[in-house]
Amino acid sequence: MMECLYLLLVVFHFTAGCSLSGEQTLKLVTGHTGSSVLLPCSCTDLQTKPQRVTWKINRGEREWTEVFSADQYRDRLHQFNEDSPANLSLLISDLREEDDGDYRCETEKESRDFWLYVKGCDLANSEEIEEVTRFSGESVVLLCSCTDLQTKPNTVKWEFSSDKSETSPYVEIYSAQTGQHRDRFRLTNKNSGNLSLLISDLTEEDQGDYSCSVQRDRKYIRLHVKVRETPTHLWTTDPTTTPSEDPPTTETTESERIMMCVAR
Ligand SMILES: *[C@@H]1O[C@H](CO)[C@@H](O)[C@H](O)[C@H]1NC(C)=O
């Protein structure tokens, strides 16, 4: 009799298989662009495993599609059920805004639904044009950051338009996608929501409008580069340089002139 009961339990256990833990209600999960998110799904009894598990996505279409067959997720999906068969969770890494949608963990018996909301980068102070003034030869950090520093945007682009003419087109000076940038330009902080650009050794040519752009936002900064008067400038007659407010008299020695420049 006991043996029969035991056998029955074993058979029951086997056929019962995996019942999913948690409630069947839609679960909201929030992620940030550039980081990872775990959609949790597992069998209540960690000793069991489902015969079949599929993860599906729906972005408001009529049909659900399998995530592993979607190109969009290539190399960004990870599952854990090889090592722990009852753990059916899905890890999505390097999140993008277009990963937004409904996700479903589905076994032969039941399913669990998630709504994934991916928070993207909105730039801080993007409504106003910031004005910055520096002397030539100096460095400048042009500030640009996501309001939420946890969001690392998938694309960042810095562009420059010289103020030489009204119609100067914007040219790309830094792109996070290609990793290409010109010599004197670099991001102060890689891999974060801080997208500020450092420009070293400024010249008059750097004067103009700069734009920092992410997927859905853009910020403008106007940079003025003043020419610092060095002793050599005092001997040239460049009409674009403003006259020194306090020209050194002919009696000042070379070292005194240098001191004045440093002090300024
Ligand atoms: C499944 O695996 C992930 C990653 O190791 C872990 O974070 C999660 O807690 C696991 N879930 C269960 C139910 O063990």
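A few points on the structure. For clarity, every value in this text was computed on a predicted model and none was experimentally measured.

### Describing the nonpolar core
In terms of nonpolar packing, the biggest core is built from 24 residues, with Trp 158, Leu 195, Leu 197, Ile 199 and Tyr 210 touching the most fellow members. Counting only elements with at least two residues in this core, the list comes to strand 10 (140-142), strand 11 (156-162), strand 12 (171-175), strand 13 (185-187), strand 14 (197-199), strand 15 (208-214) and strand 16 (217-226). Excluding its chain neighbours within four sequence positions, the residues that come into contact with Ile 199 are Glu 138, Ser 139, Val 140, Leu 142, Arg 184, Phe 185, Asp 206 and Tyr 210. Cys 18, Leu 20, Ala 86 and Leu 116 belong to the second largest nonpolar core, which has 22 residues in total.

### Quick word on the pattern of salt bridges
By the definition in use, this model includes 14 salt bridges. Note that Arg 104 and Asp 113 form a salt bridge whose closest N and O atoms lie 2.7 Å from each other. Accessibility expressed as a relative area gives 19% for Asp 113, which makes it buried. The closest approach of N and O atoms between Lys 219 and Glu 130, which form a salt bridge, is 2.8 Å. A residue pair is termed long-range when its members are at least 10 positions apart, and Lys 219 in strand 16 and Glu 130 in strand 9 (residues 130-135) qualify at 89 residues. We classify Lys 219 as buried; its relative accessible area is 3%. For Glu 130, a relative accessible area of 25% translates into the label partly exposed.

### Regarding the sheet that holds strand 16
If you trace the 5 strands from one edge of the open sheet to the other, you get 9-16-15-11-12, paired in mixed fashion. Where the open sheet ends on each side, the last strands, each with one partner, are strand 9 and strand 12. Mean inter-strand twist for the sheet, computed between neighbouring axes without regard to direction, equals 25 degrees. Alignment of strand 11 against strand 15, held across 7 bridges, turns out to be antiparallel.

Conventions we followed
Residues numbered from 1 in each chain as written. Predicted model: local features only at pLDDT ≥ 70, side-chain atom pairs only at ≥ 80, totals over all residues. Heavy atoms only, no water. Core = buried A, V, L, I, M, F, W, Y, C linked by side-chain atoms within 4.5 Å. Buried < 20%, exposed > 50% of the residue type's maximum accessible area, 1.4 Å probe, protein only. Helix = DSSP H or I, 4+ residues; strand = E, 2+ residues; numbered from the N terminus. Contact = heavy atoms within 4.5 Å. Salt bridge = Lys/Arg side-chain N within 4 Å of Asp/Glu carboxyl O. Pairing = 2+ DSSP bridges. Axes fitted to C-alpha atoms, helices over the stretch in contact; angles between N-to-C directions.

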